Amino acid sequence: MKFPGPLENQRLSFLLEKAISREAQMWKVNVPKMPTNQNVSPSQRDEVIQWLAKLKYQFNLYPETFALASSLLDRFLATVKAHPKYLSCIAISCFFLAAKTVEEDERIPVLKVLARDSFCGCSSSEILRMERIILDKLNWDLHTATPLDFLHIFHAIAVSTRPQLLFSLPKLSPSQHLAILTKQLLHCIACNQLLQFKGSMLALAMVSLEMEKLIPDWLPLTIELLQKAQAQISPRTTANQKCQSEVQQPSILISQLPVGTSIPLLNAK
């Protein structure tokens with residue numbers, strides 16, 4: 001197995017620094033809105049995120065597309081007071097924007113096909129109009145650091161600095177191991193309770209919990225990653241520890257997923 005050298009480690013540090021900077025610019029503390037008939041409730045948000053996960057599987061798109069679509073949706077909902085009746089149109093528009101940002105041209109769904117096969121209830125022209133609204137509200141800036149971006153970086157750093165990390169999993173390559181964590185992360189993205197944490201902390205919590213199972217010196221590596229992420233470490237509790245406790249709760253990750261959504265959520269490419 002070949003592990004990254006100094007140049008690759010420098011590249012990872014640069015990518016992490018860039019992602020942290022983008023997150024600092026974009027991230028806002030999630031303030032749950034009081035559920036009313038006039039705004040989107042947390043449960044409605046989770047339901048539409050789960051629907052987007054099914055669409056990712058249906059149209060055979062990358063996990064990065066789903067992660068970006070979810071991020072765009074959350075950013076937009078934090079910016080405007082959206083009526084629930086427009087939620088599916090907002091979500092499919094975010095999904096289409098994400099696909100055009102992430103996917104290769106030949107993999108981007110045809111808009112008419114997407115509108116028809118997603119059963120979103122809106123026309124192609126309505127999706128395009130909603131796209132423009134979303135772009136205007138987000139200042140035409142779609143390049144945000146998603147939890148999945150951080151997961152890729154933290155996992156690569158962990159494997160690079162602790163080659164023994166996967167010794168207990170000899171049948172898994174680093175990419176296969178990352179795919180497993182990606183599937184878990186897709187579940188987390190669909191849980192509004194985890195919106196209180198930055199994407200960097202969510203990804204780091206997942207990597208930390210996985211390292212705890214695989215290597216004895218997982219804590220020093222977690223602290224090292226926290227320091228790389230420029231996080232403040234408290235002697236008693238940290239945002240990462242709080243996030244770990246939330247991620248560990250099976251009721252949050254699984255029980256809220258309705259029957260039939262586990263397949264698309266678990267089929268990360």
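Since the structure is predicted, the reported quantities are computational estimates derived from the model, not experimental observations. (Residues numbered from 1 in each chain as written. Predicted model: local features only at pLDDT ≥ 70, side-chain atom pairs only at ≥ 80, totals over all residues. Heavy atoms only, no water.)

Considering helix H7 (residues 147-161)
Taking 1.5 Å as the rise per residue, H7 with 15 residues should run 21 Å; its terminal C-alpha atoms sit 21 Å apart, in good agreement. Most of H7 is tucked away, with eleven of its 15 residues classed as buried. Among the residues of H7, those classed as buried are Pro147, Leu148, Phe150, Leu151, Ile153, Phe154, His155, Ile157, Ala158, Val159 and Ser160. (Helix = DSSP H or I, 4+ residues; strand = E, 2+ residues; numbered from the N terminus. Expected span 1.5 Å × (residues − 1). Buried < 20%, exposed > 50% of the residue type's maximum accessible area, 1.4 Å probe, protein only.)

What to know about the packing of helix H9 (residues 199-214) against helix H10 (residues 218-228)
Where H9 contacts H10, the two axes come as close as 9 Å, and the packing angle between them is 165°. It follows from the interaxial angle that H9 and H10 lie roughly antiparallel. Where H9 crosses over H10, the handedness of that crossing is right-handed. Taken together, the residues of H10 that come into contact with H9 (itself represented by Met201, Leu204, Val207, Ser208, Met211 and Glu212) are Trp218, Leu221, Thr222, Leu225 and Leu226. (Axes fitted to C-alpha atoms, helices over the stretch in contact; angles between N-to-C directions. Parallel < 35°, antiparallel > 145°, perpendicular 65-115°, else oblique. Left-handed = near helix turned anticlockwise from the far one by under 90°. Contact = heavy atoms within 4.5 Å.)

Some points on helix H4 (residues 87-102)
Helix length check: H4 (16 residues) gives 22 Å between terminal C-alpha atoms against 22 Å at 1.5 Å per residue, within 8%. Here H4 lies mainly inside the structure; twelve of its 16 residues are buried. Turning to H4, the residues buried within the fold contact helix H2 (42-58), helix H3 (63-79), helix H5 (111-117) and helix H6 (124-137).

Considerations on the packing of aromatic side chains
Two aromatic rings are characterised by how far apart their centres lie and by the angle between their planes. Counted according to the given criterion, the structure contains one aromatic pair. Judged by centre distance (6.2 Å) and plane angle (25°), the ring pair of Phe150 and Phe154 falls under stacked. Taken as a pair, Phe150 and Phe154 lie in helix H7 at a separation of four residues, close to a single helical turn. Residue classification places Phe150 among the buried residues on the basis of a relative accessible area of 0%. The cationic tip of Arg107 hangs over the ring face of Tyr62; the distance from NZ or CZ to the ring centre is 4.1 Å. (Phe/Tyr/Trp six-rings, centres within 6.5 Å; stacked < 30°, edge-to-face > 60°. Lys NZ or Arg CZ within 6 Å of the ring centre and 35° of its normal.)

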